[in-house]
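# Chain and residue survey
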Amino acid sequence: MTDLSVKYMGLDLRSPIIASSCGLTADLEKVMEMDRNGVGAIVVKSLFEEQIRNEVEFLSEAGHDYPDMDDYLHNYVRQYSINNYKEALLSFKKNLSVPVIASINCYTPGEWVNYAKEIEQAGVDALEINLYELTTNPKTTSEQVEKGYCDVVRDIVKNVRIPVSVKISSHFSSVVSFVDKLVACGVKGVVIFNRFYTPDINLDSLSIVSASPMSSPEEYLQTLRWTAIISSSVKNIDISVTTGIHTSSSAIKQILAGAETVQLCTTLYKNGLGMISTINQEISEFMEKNNFSSVEQMRGRLNYSTIKDPAKYERVQFLKTFGSFSK
Ligand SMILES: Cc1cc2nc3c(=O)[nH]c(=O)nc-3n(C[C@H](O)[C@H](O)[C@H](O)COP(=O)(O)O)c2cc1C
């Protein structure tokens with residue numbers, strides 16, 4: 001097989017295929033199987049501050065007669081959860097041959113740094129920050145939201161030595177400028193784009209239900225344009241693409257558009273962990289057929305600044321398809 005090795009945030013990966021943070025990457029047996037299948041790195045299931053808070057609330061509501069017990073409960077559950085997570089990370093590091101990237105999702109400003117510092121102690125290779133706050137207040141501006149994100153990120157980067165990546169949503173008025181701001185905060189990688197659980201409405205029961213957490217293969221198209229544009233417009237950042245990478249063809253397209261790595265989730269649930277070796281094999285065949293001797297050689301071949309007509313990544317395609325009023 002052709003050499004598929006890549007650099008991602010300064011880490012040496014044997015393949016650009018990363019297992020993204022999800023239930024599968026919380027399980028030692030599963031991540032070991034991913035390793036045997038040739039995965040480049042593992043992003044471990046996130047540690048969610050919100051989940052820890054919910055557990056404390058649940059225990060609190062279960063009832064006790066001591067008001068000061070809540071603080072004790074909170075500290076106990078918090079530390080217990082962090083220690084459990086650290087133990088899992090330690091055993092992943094011990095049993096895997098590939099880099100292990102931890103993932104956190106917090107919402108209390110001070111806690112981000114506390115969690116990050118604790119987790120770094122487990123010897124992980126990098127940290128992915130799952131950064132998202134649903135803003136519903138009409139008075140909150142996008143500048144305020146972005147500033148809040150940047151404050152958190154800058155604080156984390158200052159306090160840990162491992163490389164930090166940020167998993168962002170696509171919901172920014174100027175996503176390229178925001179990624180540029182992340183670089184200024186010291187971030188080494190950006191993961192585009194987080195796919196959220198979305199609410200849906202059940203018309204029979206007239207109630208709010210959860211839409212499927214699994215993506216469809218066409219969803220890779222939502223990121224392709226931004227991979228191409230960010231990779232050519234923002235310097236000193238590595239791109240890892242998540243959402244809709246189900247097959248080798250969408251993985252290859254994202255690399256041609258400029259991604260350093262791609263992340264798999266839904267396809268591993270639906271088609272099994274063997275998809276990792278299938279995709280590696282097919283990328284290798286594609287490279288041989290097209291005379292690419294390294295992934296680096298094909299990376300960005302079709303990004304925004306390399307192609308003759310960059311407008312193809314912009315609005316022109318829309319006009320071509322739907323025509324204009326004057327026609
Ligand atoms: C069951 C499930 C659990 C997930 N858990 C996390 C998580 O803990 N942290 C995170 O950053 N993303 C999580 N994700 C999002 C995935 O990492 C991924 O970004 C998203 O599913 C899009 O990739 P896909 O199209 O390959 O599924 C989860 C996704 C699924 C389906």
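Going along each chain's sequence as written, the residues are numbered from 1 onward. With the structure being a predicted model, the display of local features is reserved for residues of pLDDT at least 70 and the display and counting of side-chain atom pairs for 80 or more, all residues being used for whole-chain, interface and lining totals.

## Quick look at the overall build of the protein
Think of it this way: any DSSP run of H or I at least four residues long counts as a helix, any run of E at least two long counts as a strand, and we number them from the N terminus. When helices and strands are counted, the protein shows 12 helices and 13 strands. Projected onto its principal axes, the C-alpha positions of the protein cover 70 × 55 × 45 Å. The buried share of the protein, taken over its 327 residues, is 39%. Whether a residue is buried, exposed or partly exposed follows from its count of other C-beta atoms within 10 Å of its own C-beta, namely 20 or more, 12 or fewer, or something in between, respectively; the C-beta atoms are built from the backbone.

## Topic: helix 3 (residues 69-95)
One turn of an α-helix holds 3.6 residues; hence residues three or four places apart share an orientation. How far a helix is expected to stretch is found by multiplying one less than its residue total by 1.5 Å. For helix 3, built from 27 residues, the straight-helix expectation of 39 Å at 1.5 Å per residue is met to within 8% by its first-to-last C-alpha distance of 39 Å. All of the buried residues in helix 3 are Val77, Tyr85, Ala88, Leu89 and Phe92.

## Topic: unusual backbone geometry
Phi is mostly negative for residues that are not glycine, and the peptide bonds are mostly trans. A cis amide bond links isoleucine 192 with the next residue in sequence, phenylalanine 193, at an omega value of -20 degrees. A positive phi is found at methionine 9, a non-glycine position, where the angle reads about 55 degrees. Locating methionine 9 in the fold gives a position in the loop between strand 1 (6-8) and strand 2 (11-13). By the C-beta count within 10 Å, which is 24 here, methionine 9 ends up buried. Even without a glycine there, the phi angle at asparagine 291 is positive, about 55 degrees. Within the secondary structure, asparagine 291 sits in the loop between helix 10 (275-289) and helix 11 (295-298). On the basis of neighbour count, asparagine 291 is assigned to the exposed category, with 8 C-beta atoms found within 10 Å.

## Brief notes about the site of the ligand
If you check the shell around the ligand, you find 22 residues, and the closest are Ser20, Ser46, Ser215, Cys265 and Thr266. Residue polarity follows a fixed list, in which Ala, Val, Leu, Ile, Met, Phe, Trp, Tyr, Cys and Pro are nonpolar, Asp, Glu, Lys and Arg are charged, and the others, Gly among them, are polar. In the shell around the ligand, the residues fall into six nonpolar, 12 polar and four charged. For each residue, a C-beta atom is placed from the backbone, and the residue counts as near a molecule or strand when that atom lies within 6 Å of it.

## As for the pairing of strand 13 (residues 261-264)
For a regular strand, side chains alternate in direction, first toward one face of the sheet and then toward the other. Side-chain alternation along strand 13 places Thr261 and Gln263 on one buried face and Val262 and Leu264 on a second face that is also buried. A crossover connection joins strand 12 (residues 238-241) to the parallel strand 13 through helix 8 (residues 248-257); in handedness this β-α-β unit is right-handed. A crossover gets the label right-handed when its path from the first strand over the helix to the second runs clockwise, viewed with the strands pointing away from the viewer.

## A closer look at the pairing of strand 11 (residues 207-210)
Here a strand pair is declared whenever DSSP counts at least two bridges between the two strands. Here strand 10 (residues 199-202) runs beside strand 11; their pairing, made up of four bridges, is antiparallel. Bridging from a neighbouring strand, aspartate 200 pairs with valine 209 of strand 11. Between strand 10 and strand 11, which pair antiparallel in sequence order, lie four residues; one of them, leucine 206, sits at a positive phi of approximately 45 degrees.

## Examining the nonpolar core
In terms of nonpolar packing, the biggest core is built from 83 residues, with Ile42, Leu89, Ile101, Ile119 and Leu127 touching the most fellow members. In this structure isoleucine 101 touches Ala41, Ile42, Val43, Val44, Val124, Asp125, Ala126, Leu127 and Glu128, once residues within four positions along its chain are discounted. Linking buried Ala, Val, Leu, Ile, Met, Phe, Trp, Tyr and Cys residues through C-beta atoms within 7 Å yields a set, and such a set is a nonpolar core. Placing a C-beta atom from the backbone of each residue, one calls two residues in contact when those atoms lie within 7 Å.

## Details of the packing of helix 1 (residues 28-36) against helix 3
In this description, a line fitted to the C-alpha atoms serves as the axis of each element, helices being fitted only across the stretch in contact, and the angle between N-to-C directions of two axes falls anywhere from 0 to 180 degrees. Between helix 1 and helix 3, the least distance of the axes is 10 Å, while the angle of their chain directions is 30 degrees. Here helix 1 lies roughly parallel to helix 3, going by the angle between them. The two elements helix 1 and helix 3 cross, and the hand of that crossing is right-handed. Of helix 3, the residues touching helix 1 (which contributes Leu28, Val31 and Met32) are Ser91, Phe92 and Asn95. The class makeup of the residues in the contact of helix 1 with helix 3 is four nonpolar, two polar and no charged. Comment on the angle field: the value is read as roughly parallel under 35 degrees, roughly antiparallel over 145, roughly perpendicular from 65 to 115, and oblique elsewhere. With the far helix as reference, a near helix turned anticlockwise by less than a right angle produces a left-handed crossing, and one turned clockwise produces a right-handed crossing.

## Remarks on the packing of helix 6 (residues 175-184) against helix 7 (residues 221-233)
The geometry of helix 6 relative to helix 7 is characterised by a closest axis approach of 10 Å and an angle of 45 degrees between their N-to-C directions. Our classification of the angle between helix 6 and helix 7 gives oblique. For the pair helix 6 and helix 7, the sense of crossing is right-handed. Two secondary-structure elements touch here, helix 6 through Val175, Val176 and Val179 and helix 7 through Trp226, Ile229, Ile230 and Ser233. Grouping the constituent residues of the contact of helix 6 with helix 7 by class yields six nonpolar, one polar and no charged.

## Considering the environment of valine 179
Relative to the helices and strands, valine 179 is located in helix 6. In this structure the C-alpha to C-alpha distance between valine 179 and lysine 117, which are 62 residues apart in sequence, comes to 23 Å. Non-local contacts of valine 179, meaning those with residues more than four positions away in its chain, are made with Val190, Ile230, Val234 and Ile237.

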